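Residues per chain, in single letters:
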Amino acid sequence: MAEPPLAVRRRSRLGSAPKRSRPPVGPSAACSPLALKRANTGGEGVPAQRPVRGGTGKRKGDGGVQEGVCWGFGWLQKNLIVIYCNDSEEDMFGDYNSFCEDDSLLAQVLDTEHTRPQDAETDVKAAGEFVLEGLPSGIDQRKQDNSSASETGVICGGDTEHGFQTPENDPLDNKEDLGDSLLDELPSSQLLYFAEMRTKKIDMSKCSSLDKIWRASSPCPDSEHKNRSTEFSSDLKSDSCKNTSLKDHLKNALTENAKAQTLKVSKTKQLKEAILSEEICVARKAIGSSSVDIGPFYGLPSKVKDLFWQLRGIETLYEWQHDCLTLECLQQRKNLIYSLPTSGGKTLVAEILILQELLCMQKDVLMILPYVAIVQEKVWGLSNFGIELGFLVEEYAGSKGRFPPIKRRCKKSLYIATIEKGHMLVNSLIETDRIGDLGLVVVDELHMLGEGSRGATLEMTLAKILYTSKSTHIVGMSATLNNVGDLQKFLQAEYYTKNFRPVELKEYIKIRDTIYEVDSKAENGFTFSRLLNFKYSSNLKKADPDHIIALVTEVIPKYSCLIFCPTKKNCENVASMVCKYLNKEFRSHREKEKQDLIKDLKNIGNGSICPVLKQTIPFGVAYHHSGLTNDERKSIEEAYSRGVLCLLACTATLAAGVNLPARRVILRAPYVANDFLKKNQYKQMIGRAGRAGIDNAGESILIVQEKDKHLVQDLVTSPLENCYSNLLPEFTKGMQNLLLSLVGLRIAVTQEEVYNFLCHTLLGVQQQLLSKEKSLSELVKDGLESLIEKGLLTVKIMEKDQNSKTALAITRLGKAAYKGSIDLSYCNLLYKELKKGLEGLVLESSLHLLYLATPYDMVSNCSPNWMIYLRQFNQLSAAEQTVADMVGVPESFIAKKASGQAIRKNVDSASVNRLYLTFILYTLLKETNIWSVSEKFNLSRGYVQNLLTSAASFASCVLHFCEELEEFWVYKALLTELTKHLTYCVKTELIPLMEVAGVLEARAKQLYNAGYKTLAHLANANPETLVKTIEHLSRRQAKQIVSSAKMLLTEKAEALQEEVELLLKVPTDIPGTS
Ligand SMILES: Nc1ncnc2c1ncn2[C@@H]1O[C@H](COP(=O)(O)OP(=O)(O)OP(=O)(O)O)[C@@H](O)[C@H]1O
Ligand SMILES: [Mg+2]
């Protein structure tokens, strides 16, 4: 089917959402948590692939590596490409670089405030005028002819018969400024659109003034910028002197903004924006019609396609990606689970679905990712899209995120959240009756459902969404799913799978000096491949009995290599050992950059560097595990991505944590710590090899000792592990937490309703796996009773039509617990300690408060060094020393412990340990130097950093807890500040810079020293200047910093706008005005 000129195809994807039916799951057998966890259904197999409707793409064979469906685009799209070709990569952010044509943020806010309530017409006019400037008045119908396509300079290849064309020219190469001539190239629909704008004035009132500011701002000479900002600042000064009214401010601001909008604005830029907005309009209109028109790129403006090319280097979709995106179930807004091997390209599909929801359906989206680092990476990666396409990207990780989120007037939000913060976000949306605002929830790594307390939290989140919002659809993806049937039933989802990997991954195992290829057809799972060809001296044999050096030197330094090791210590040992025996020639490879990296790490460590890294980096080798600080990890990751480092010895966390690809992945042993490797872990680790777009081949080698041979045979031949509900095994964080919040959110207020909800969880689906001891309904009954006993729930008698009925209600403490996501096992203790704190909180320093915010779950693993404990205690002021006594740790106890004397007095070890952790945190807050603190306490810097991150997160939970309890009002202000300090733990001046996703302390220091001192400095920075002035900053990183800063600034400004609007809103119930 040929693409029509405007590339608008008809589909039902955007049509009305049919209601989901929820088949009841009947209760059956009972269970013990353990039985549930261990039981194995043997998997449900993979349902047959759903028929794909309406695939208009050129179909190719399944195996086609890199062969994809060319993106369809027609007349308009071709023109758009010409337009965007004009933007070189360097220019990508050019027009957005500054607010220079406009004034301060205040002016923008005031502008909105002024123009909105008073005169939408003026707004419309101004907007219309600035878009129209320089446009021709007439409509040249001749240019409507599609045949003129080739004249535009875009050569379209591909399957034109099927309407799919591919730009052969690299859009980035075309740097010609097409200026006014572009208008001649526009199709009539576009010209008509502009003409209509001029005569009818387009309704721009829906766009915030900030939108206009971003869009209208174009690069301006520095002098102009300076003039304008001084002009405005003097305005402000005189305003404040005169103490003028808000109205006068508004007037000034409006005048300023009016001037700003008539400043020089690139015509190409205007056109781009106008065309983009028209495309979005087309897509939006399509939603309303019954037979749906779809935009040129899966319902999205073709700019989206260009952005994927410019920002990700993705030119065509894989065939499966196209098939998946055009699935009928997605068109009907049904839930979907899709599963493809690692590196199959799952993210792109999710991102296109997200953009459809934000731009076409005009709904907010929640994306749930497993780790803070990945959330930050994603916020960083999607901010560009947000700025270009006009939506907000909000980070919900660690202590970041607002509950409930700010309700945006105009822009839609993409919340990128960890599992925990995603849960809190969903709770807050249900509570405020806004869950329907979420159009789509995307869950990456869906198999996490089966992983401990995080799995339980994810399950609760999804179950609540399913139960409370019929209009929110859920899409989950993973490379490692087995019992898909259970998950489908739970999520009421369709399933799509394909065994596609763009880069072939060859799996090997090594036993002694023989390499075997993993071969599912072979009898024992392996076939002989080759013998290792590397001469080992007797010395080397002793040092490297597992031939790691032989395996590594086959690939490095030309290609990259990861070695997964069972423990942190082993990572360091392997890195050191390899370097000891590596040829000296390895040192000369990218020598200067390696020296720079060492310098960088020294800066991070305030002059210190880990001796192991100092020894290994000159060889291009490093270790990577949680013992490193975040800053160190980031530097090492960046150096590895750039090829400066070619070998990383890492722990399993890297497999799921960050996207660091390799030509060869070596598994040092089939163990993670002392546990034999699970199939899922194995698949995730080897999946780092041969990533698309980076490598054209990939291989994994698992080093096996003879004794483990049979276990490894099982490992490679067995199916992936099943995903089981963790609601019961994680009782206080899972089941009890769920029951409490169900009542708290009034999702279910009777035992029957709670049971009914539970039937719709994964646990409900897997009821048959419960042991015979207790049925689900009995478990519900027990759970509710225990919550009543703990004082978290109560029973209320409700009188209705002379019939009394009992219903459950949440107590204040219960509400505080679920709002703060406090583990119910220590909820009462927390309450007691906070209450006691009210009687005499020592406010001379933050020590006492810090104790109250020290995370309970780190206490059991803490073993104090008594000498250090005493030393730290002695350094405290007299007032601070009383804190120890108040929390139940007498000085005499510490002194006796330090001198090795026996202790008769009964002292609570949990309080003792907790106070020790508080001392570490207190020293950190004072010194803001992880290195010196870890030395002082003789701990790894990674541990210290982890403590800090956990404390920041827990402090924000305690804050939410206190917000629900009136008696704790005093803690609110105190904990807000403390959370902020713990979150950043740097000198105050660096905090505004570190708020930007991905900017860690070391980078913030560099930026600050280079003169970038505020968020606005970063948002308006020129990436090229940043690259020149900041050491070791790539252009890509510079652009990402600028776009993340812009995104954050926009978000903050929008929030202020909301506040202004709310403040100025005329109440409808003013007495005497009826
Ligand atoms: N159509 C495409 N053309 C070229 N490269 C692509 C395409 N789609 C995805 N990629 C690239 O493939 C790489 C792997 O994609 P992605 O991260 O989405 O994999 P994944 O399926 O999520 O794997 P994992 O399960 O390991 O997370 C990325 O670098 C991505 O940019
Ligand atoms: Mg992925």
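As recorded in an unreviewed UniProt entry, the protein chain goes by Helicase POLQ-like and comes from Anser brachyrhynchus. The annotation that UniProt attaches to the protein chain under Sequence similarities (unreviewed entry) is "Belongs to the helicase family. SKI2 subfamily."

Quick notes on the overall build of the protein chain
Check the secondary structure of the protein chain and you find 46 helices and 25 strands. Look at the contacts in the protein chain between residues 6 or more apart in sequence, and 77% of them connect residues 24 or more apart.

Let's talk about helix α43 (residues 1001-1009)
Considered for burial, the residues of α43 that qualify are Glu 1001, Arg 1003, Ala 1004, Gln 1006 and Leu 1007. Against α24 (630-641), α42 (991-994), α44 (1015-1019), α45 (1023-1029) and α46 (1035-1064) lie the buried residues of α43. Looking at the residues trailing α43, positive phi occurs at Gly 1011, about 100 degrees.

Describing the packing of helix α16 (residues 419-431) against helix α17 (residues 452-468)
To describe two helices that pack against each other, one gives the angle between their axes and the distance between the axes. In contact at an axis separation of 9 Å, α16 and α17 are set at 25 degrees when each is read in the N-to-C sense. Comparing the axis directions of α16 and α17 gives the class roughly parallel. The hand of the α16/α17 crossing is left-handed. Counted together, Ile 419, Glu 420, Gly 422, His 423, Val 426, Asn 427 and Ile 430 of α16 and Arg 454, Thr 457, Leu 458, Met 460, Thr 461, Lys 464, Ile 465 and Thr 468 of α17 form the full contact between these two elements. Tallied by class, residues from the contact of α16 with α17 come to 6 nonpolar, 6 polar and 3 charged.

Side note on the site of ligand 1
Close to ligand 1 lie 17 residues; Thr 316, Ser 343, Lys 346, Thr 347 and Arg 691 are nearest. Here a nitrogen atom of ligand 1 sits 2.7 Å away from a polar atom, N or O, in the main chain of Thr 316. For ligand 1, an oxygen atom lies 3.0 Å from a polar atom in the backbone of Gly 345. Starting from 640 Å² of accessible surface for ligand 1 in isolation, the protein chains cover 85%. Per element, the largest residue contribution to the shell around ligand 1 is 3 residues, and it comes from helix α14 (residues 346-360). Along the lines of polarity and charge, the residues of the shell around ligand 1 split into 6 nonpolar, 7 polar and 4 charged.

Observations concerning helix α32 (residues 812-819)
Because each turn of an α-helix spans 3.6 residues, side chains separated by three or four positions end up pointing in the same direction. Leu 813, Gly 814, Ala 816, Ala 817 and Tyr 818 are the residues of α32 that are buried. Within two residues after α32, Ser 821 carries a phi angle of roughly 50 degrees, on the positive side.

Focus: the packing of aromatic side chains
A full pass over the atoms with the stated rule returns 23 aromatic pairs. A centroid spacing of 5.7 Å and a plane angle of 85 degrees characterise the contact between Tyr 856 and Phe 954, whose relative ring orientation is edge-to-face. Of this pair, Tyr 856 sits in the loop between α34 (847-852) and α35 (866-874) while Phe 954 sits in helix α40 (residues 941-963), and the two are 98 residues apart along the sequence. Judged on exposure class, the residue Tyr 856 and its partner Phe 954 are both buried. Centre to centre, the rings of Phe 968 and Tyr 971 are 5.6 Å apart; their planes meet at 65 degrees, and the pair counts as edge-to-face.

Brief notes about the packing of helix α28 (residues 735-744) against helix α29 (residues 751-758)
Between α28 and α29, the shortest axis-to-axis distance is 11 Å and the interhelical angle comes to 125 degrees. Considered as vectors, α28 and α29 are oriented oblique to each other. By crossing handedness, the relation of α28 to α29 is classed as right-handed. When α28 is examined against α29, the residues Met 735, Leu 738, Leu 739 and Leu 742 are found in contact with a partner set consisting of Val 754, Phe 757 and Leu 758.

Quick look at the state of the cysteines
By the definition in use, this model includes 0 disulfides. Considering cysteine sulfurs only, Cys 571 is the nearest to Cys 650, which forms no disulfide, with 6.3 Å between them.

So, the sheet that holds strand β14 (residues 505-511)
Taken together, the 8 strands give an open sheet; going across it, the order is β16-β15-β14-β23-β20-β17-β19-β18, and neighbouring strands pair in mixed fashion. Strand pairing shows two members of the sheet lacking a second neighbour, β16 (526-531) and β18 (621-624), which therefore form its edges. Pairwise comparison of adjacent strand axes, ignoring direction, gives a mean angle of 25 degrees for this sheet. Bridge analysis of strand β17 (residues 561-564) against strand β19 (residues 647-650) gives 4 bridges, and the strand direction is parallel. The partner of Cys 561 across the bridge, within β19, is Leu 647. In this fold helix α26 (residues 679-686) packs onto β14, β15 (514-518), β17, β20 (664-667) and β23 (698-704), with an angle of close to 145 degrees to the strand it touches most, β20.

As for the sheet that holds strand β7 (residues 335-339)
Spatial strand order, β9-β10-β8-β11-β12-β7-β13: 7 strands in an open sheet with parallel pairing. In the strand order of this sheet, the two ends are held by β9 (392-396) and β13 (493-497), each with one partner. Here the average twist between neighbouring strands, direction ignored, is 15 degrees. Of the strand pairs in this sheet, β9 and strand β10 (residues 413-417) are connected by 5 bridges, and their pairing is parallel. Residue pairing across strands places Tyr 396 opposite Ala 417, the latter belonging to β10. Packing against the sheet, α17 makes contact with β7, β8 (364-368), β11 (438-443) and β12 (473-478), and its axis sits at approximately 155 degrees to β11.

What to know about unusual backbone geometry
Across the junction of Phe 403 and Pro 404, the peptide omega takes the value -10 degrees, indicating a cis bond. Checked against the element boundaries, Pro 404 lands in the loop between β9 and β10. Cis geometry marks the peptide bond from Ile 556 to Pro 557, where omega comes out at 0 degrees. Tracing the chain through its elements places Pro 557 in the loop between α20 (548-553) and β17. Not every positive phi belongs to a glycine, and Arg 512 is a case in point at roughly 50 degrees. Among the secondary structure elements, Arg 512 is positioned in the loop between β14 and β15. For Arg 512, a relative accessible area of 60% translates into the label exposed. Even without being a glycine, Cys 985 presents a positive backbone phi close to 45 degrees. Counting through the fold element by element, Cys 985 comes out in the loop between α41 (969-984) and α42.

Topic: the environment of Thr 1025
You can see Thr 1025 is positioned in helix α45. In this structure the C-alpha to C-alpha distance between Thr 1025 and Ala 1038, which are 13 residues apart in sequence, comes to 9.0 Å.

Examining the confidence of the model for the protein chain
The predicted coordinates ought not to be read in detail in places where the model reports low pLDDT. Per-residue confidence for the protein chain averages 77 on the pLDDT scale, and 72% of its residues sit at or above 70. A low-confidence stretch, residues 286-293 stays under pLDDT 50, and its non-local contacts, those more than four residues away or across chains, total 16 contacts.

Considerations on the nonpolar core
The nonpolar side chains of soluble globular proteins are, as a tendency, buried together. With 129 residues, the main nonpolar core has Leu 462, Leu 758, Phe 961 and Leu 982 as its most contacted residues. Ranked by the residues each element gives to this core, the list is headed by α40, at 12 residues. In this structure, Phe 961 is in contact with Leu 813, Ala 816, Ala 817, Gly 820, Ile 822, Cys 827, Leu 830, Tyr 831, Leu 834 and Phe 968, ignoring residues within four places of it in sequence. In terms of nonpolar packing, the next biggest core, distinct from the first, is built from 75 residues, Ile 509, Ile 549, Val 621 and Tyr 682 among them.

The rules behind each value
Residues numbered from 1 in each chain as written. Chains lettered and ligands numbered in written order. Predicted model: local features only at pLDDT ≥ 70, side-chain atom pairs only at ≥ 80, totals over all residues. Heavy atoms only, no water. UniProt positions renumbered as here; feature names shortened; annotations may be inferred. Helix = DSSP H or I, 4+ residues; strand = E, 2+ residues; numbered from the N terminus. Contact = heavy atoms within 4.5 Å. Buried < 20%, exposed > 50% of the residue type's maximum accessible area, 1.4 Å probe, protein only. Axes fitted to C-alpha atoms, helices over the stretch in contact; angles between N-to-C directions. Parallel < 35°, antiparallel > 145°, perpendicular 65-115°, else oblique. Left-handed = near helix turned anticlockwise from the far one by under 90°. Nonpolar A, V, L, I, M, F, W, Y, C, P; charged D, E, K, R; others polar. Near = heavy atom within 4 Å. Polar contact = N/O pair within 3.5 Å; in protein donor to acceptor, adjacent residues only side chain to side chain. Areas by Shrake-Rupley, 256 points an atom, 1.4 Å probe, with all protein chains shown as cover. Phe/Tyr/Trp six-rings, centres within 6.5 Å; stacked < 30°, edge-to-face > 60°. Disulfide = S-S within 2.5 Å. Pairing = 2+ DSSP bridges. pLDDT = per-residue confidence, 0-100. Core = buried A, V, L, I, M, F, W, Y, C linked by side-chain atoms within 4.5 Å.

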